[in-house]
Amino acid sequence: MNKQSKIWKILVITGWIILGMGLLTLFVAAMQSRSSKPCRDVKITIKGKEDHPFLNKKDITTIIEPNGIDYLRGRPVKDFNLKILEEKLEKNPWVSNAELYFDSNHILQVSVKVNDPLARIFTKKGGSFYIDSNLRQIPLSDRYSPRLPVFTGFPSEKVLPKSKDSALLHQIKNLALFINENPFWMAQVDQVDINQQRIFEITPKVGDHQIIFGDGNDIEKRFRKLEVFYNQVMSKSGWSDYSVLDVQFDGQLVATKRKNAYHKSDTVYSKRWMKEWQQISRLMLKADSLNRVAATPQVVSNPDPANPGTQPMKTSPSKKNPDPGKSKNSGSTGSVPAETPEPKAVMPPGKKQT
């Protein structure tokens, strides 16, 4: 390479360096000029499933600046530490995510995603809180109480995803998601109690019976068994003939007869049965799940303990379990023999069996 070529190469490189430094200087000057501009306004956007009764724009403004939006207008953009403001917002238990930035018109854009509660939890000691789909604990609100599935008997006062209650929390989440997505069960489930064995027991709004649901597995199949039993059995016999419906066994439903069941000839019973069936029928018409075609489960009726000689009755045919001597979740028998005593139904305070 000759001397002239080297000089030309040096000049080209030098020119590019000068041009780059000039552009960088202009960019820094533009940024400084923009940072010195005053904040013209604050625009707050709240995102979430609900209509945000838990958190409003005034609450968000107070977190950003206790003195109000008027105190923010006119302040230089460079005086805003957006990262710190985002962190302050996200410390609020109702805020899932916060993003702040200035647009080209020097308007502070505040985008906040609000936590959507999934279920309400009552603890054994009487505490109460919400959880969201990320198993984050959310405190109660003085403004609004959303209509959500209610779980009672939770063993801990706090939600700790890595604790021994983690598996139970995930089961609660799955059960709450199913109930929330099914209009019929959202209307029919009054509360879900967690017993000492961490088994879910459902108290329905319509019908004087208790549902032993089991753990949080096979949720859709178990609710489908209940739907079939409601339609094929209880719609004919009445809502007070059975005290307990147990769906925790694989492929079947064990129904326990009440000791003093009403008779269809009883006028008072007939009126009550008709009223309850009309109510639950209206709920069923709203349920999308009833439009699905599913296999009919095996229903085993536990006889009236007052007549131990009565044999168990299958009210609808189905394929037998490969191992009928065992249930899916325990070593108990899949069907209840005639001499088995009536299981105790755990009823909520204030609700008595007839």
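Residue numbering note: each chain is counted from 1, following its sequence as written. The model is predicted, so local features are restricted to residues of pLDDT at least 70 and side-chain atom pairs to those at 80 or more, both for listing and for counting; the totals for chains, interfaces and linings are taken over all residues. The basis for every side-chain value is the complete set of heavy atoms in the structure, and neither hydrogens nor water enter the calculation.

**What to know about the overall build of the chain**
Runs of E in the DSSP output that reach at least two residues are strands. Runs of H or I that reach at least four are helices, and both are numbered from the N terminus. When helices and strands are tallied, the chain shows 8 helices and 14 strands. Throughout, a residue-residue contact means that at least one pair of heavy atoms, one from each residue, lies within 4.5 Å. Taking as baseline every contact in the chain between residues at least 6 positions apart, the subset at least 24 positions apart corresponds to 61%. Of the accessible surface of the chain, which amounts to about 20100 Å², a share of 55% is contributed by carbon and sulfur atoms. Only the protein chains shown count as cover for residues, with accessible areas throughout obtained via the Shrake-Rupley method and a probe of 1.4 Å.

**Section: the sheet that holds strand β1 (residues 41–47)**
Strands pair, by our definition, only if DSSP identifies at least two bridges between them. Read from one edge to the other, the open sheet built from 3 strands follows the order β1-β3-β2, with strand pairing classed as mixed. Looking at which strands have only one partner, the edges of the open sheet turn out to be β1 and β2 (95–102). Neighbour-to-neighbour, the strand axes of the sheet open up by a mean angle of 15 degrees, direction not taken into account. Across 7 bridges, β1 lies against strand β3 (residues 107–114) in parallel orientation. Each bridged residue has a counterpart across the sheet, and for K43 the counterpart in β3 is Q109. Its contacts with the sheet place helix α2 (residues 57–64) against β1, β2 and β3, and it is angled at close to 125 degrees to β1. A fitted line through C-alpha atoms serves as each axis, taken over the contacting stretch for helices, and the angle formed by two N-to-C directions is quoted from 0 to 180°. Contacts from helix α4 (residues 82–90) reach β2 and β3 within the one sheet, and its direction differs from that of β2 by about 160 degrees.

**Points about the confidence of the model for the chain**
The predicted model of the chain averages 75 in pLDDT, with 68% of residues at 70 or higher. Of all secondary-structure elements in the chain, the lowest mean pLDDT belongs to strand β14 (residues 313–314), at 38, while strand β7 (residues 150–154) reaches the highest, 96. Counting interchain partners and residues more than four positions distant, the pLDDT-below-50 stretch residues 304–354 has 94 contacts. Each residue carries a pLDDT value, the predictor's own confidence for that position, ranging from 0 to 100.

**Remarks on helix α7 (residues 219–237)**
Each helix should span, by expectation, one fewer than its residue count multiplied by 1.5 Å. Over its 19 residues, α7 extends 26 Å from the first C-alpha to the last, a length consistent with the 27 Å expected when each residue adds 1.5 Å. What is called the bend at a residue is the angle between a pair of axes, fitted to the seven residues leading up to and ending at it and to the seven starting from it. At Y230, α7 shows its largest kink, close to 40 degrees. When a residue's accessible area, from a 1.4 Å probe over protein chains only, is under 20% of the maximum for its type it is buried; when over 50% it is exposed; and in between it is partly exposed. Most of α7 sits inside the fold, with 14 of its 19 residues counted as buried. In the stretch just after α7, G238 is the one whose phi turns positive, near 115 degrees.

**Topic: a nonpolar patch on the surface**
Nonpolar side chains collect at one region of the surface, where I7, W8, L11, V12, W16 and L19 lie side by side and expose about 690 Å² of accessible area between them. In this fold, I7 is placed in helix α1 (residues 3–35). Taking the relative accessible area as the measure of exposure, I7 reaches 45% and is therefore partly exposed. Patch definition: residues above 30% relative accessible area lacking any salt bridge, with like charges linked at up to 9 Å and the nonpolar side chains Val, Leu, Ile, Met, Phe, Trp and Tyr linked at up to 5 Å. When a carboxyl oxygen of Asp or Glu lies within 4 Å of a side-chain nitrogen of Lys or Arg, that pair is called a salt bridge.

**Side note on the packing of helix α5 (residues 166–181) against α7**
Running from N to C, α5 and α7 cross one another at 50 degrees; their axes reach a closest spacing of 10 Å. When the axes of α5 and α7 are compared, the pair comes out oblique. Considering only the axes of α5 and α7, their crossing is right-handed. Packed against α5, whose contacting residues are N174, L175, F178 and I179, the element α7 presents I219, E220 and F223 at the interface. Of the residues in the contact of α5 with α7, the class split is 5 nonpolar, 1 polar and 1 charged. Small angles under 35 degrees read as roughly parallel and large ones over 145 as roughly antiparallel, with 65 to 115 read as roughly perpendicular and the rest as oblique. A clockwise turn of the near helix away from the far one marks a right-handed crossing, whereas an anticlockwise turn of less than a right angle marks a left-handed crossing. Classification convention: Asp, Glu, Lys, Arg as charged; Ala, Val, Leu, Ile, Met, Phe, Trp, Tyr, Cys, Pro as nonpolar; all other residues, Gly among them, as polar.

**A look at the pairing of strand β5 (residues 128–132)**
For β5, the tally of buried residues reaches 4 of 5 residues, placing the bulk of the element in the interior. Pairing of strand β4 (residues 117–123) with β5, which is carried by 5 bridges, proceeds in the antiparallel orientation. Bridged to R120 within β5 is Y130. Hairpin connection between β4 and β5: a loop of 4 residues separates the two successive antiparallel strands, and G126 in this loop has a positive phi of roughly 100 degrees. Pairing of β5 with strand β6 (residues 137–138), which is carried by 2 bridges, proceeds in the antiparallel orientation.

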